[in-house]
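Each chain, letter by letter, is given below.
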Amino acid sequence: NIALNMAKNGEFVIIYTLEMSETVYAMRLDAHNNDTDINNLDKNVDVIREGANKLKFESGGEILIKEFPSGAASARHLKEHSKKAITQTGKQPGGLFVDYLGLMRPSVKTGDGLYERFGQVATDIRGLSYEFNCPIFSVNQINRQGYGDNQPGIGNIADSMGVANIADYIGI
């Protein structure tokens, strides 16, 4: 997990989730951080607490998770929340993570097409990287043609090639 590794290296990381709760996201990170099965977290509370303390106090890193309802958040919401988090923590984020772009809405009215809608969301999010001087990470789904493909490519990005046209880096 890139976010967890950044935090282990002393970075302040903000994760925005639009598809699962903050609690479930935190459980996934705790399980990964402590090499524990997510279904056994309740049996390893002391280990989980120790891992969290080590992350915060030894590395100085921190992860903040914020949940937004699917389709309700735009880049403006993320910008407002990020500014508030910076003020409260006194830390500049080393990275922002958005799970995921396809569940966001554009900050401005766009045409009816998916290309315009998702291209605008990607443009809005890309602007945040300049605003906060940090990388923005997000994922996107693969379209139906890419499901059975062992080596999906840029043409298999779901929803809109507008996202691919805006992104600085795409890992598949």
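Residues numbered from 1 in each chain as written. Predicted model: local features only at pLDDT ≥ 70, side-chain atom pairs only at ≥ 80, totals over all residues. Heavy atoms only, no water.

Asks: So what exactly am I meant to see when it comes to the environment of Ile142 here?
Replies: If you trace the backbone, Ile142 turns up in the loop between β4 (136-138) and α6 (144-147). Separated by 14 residues in sequence, Ile142 and Asn156 place their C-alpha atoms 5.4 Å apart. (Helix = DSSP H or I, 4+ residues; strand = E, 2+ residues; numbered from the N terminus.)

Asks: Just to check I follow, could you spell out the pattern of salt bridges for this structure?
Replies: Side chains bearing opposite charge may pair, as long as their charged atoms lie close to each other. Tallying each qualifying case throughout the model produces three salt bridges. A salt bridge links Lys91 to Glu62, with the nearest nitrogen and oxygen atoms 3.1 Å apart. On the criterion of sequence distance, the pair formed by Lys91 in the loop between α4 (75-89) and β3 (93-99) and Glu62 in strand β2 (residues 62-67) is long-range, its members being 29 residues apart. Residue class for Lys91 comes out partly exposed when judged on its relative accessible area of 28%. Of the charged contacts, one joins Lys83 and Glu131 as a salt bridge, the two residues approaching to 3.7 Å between their closest N and O atoms. One end of the pair, Lys83, is in helix α4; the other, Glu131, is in helix α5 (residues 114-132), and 48 residues separate them in sequence. Judged by its relative accessible area of 41%, Lys83 is partly exposed. When salt bridges with common partners are traced through the structure, they connect Lys79, Lys83 and Glu131 into a single cluster. (Salt bridge = Lys/Arg side-chain N within 4 Å of Asp/Glu carboxyl O. Buried < 20%, exposed > 50% of the residue type's maximum accessible area, 1.4 Å probe, protein only.)

Asks: Just checking my understanding: could you explain the nonpolar core for this structure?
Replies: General note: in soluble globular proteins, nonpolar side chains tend to be found buried as a group. With 22 residues, the main nonpolar core has Leu18, Leu78, Val98, Leu101, Met104 and Ile125 as its most contacted residues. Sorting elements by how many residues they give to this core places α5 first, with five residues. Leaving out residues up to four positions away in the same chain, Leu78 has contacts with Tyr16, Phe68, Ala73, Val98, Met104, Ile125 and Leu128. Residues Ala3, Leu29, Leu55 and Ile65 belong to the second largest nonpolar core, which totals twelve residues. (Core = buried A, V, L, I, M, F, W, Y, C linked by side-chain atoms within 4.5 Å. Contact = heavy atoms within 4.5 Å.)

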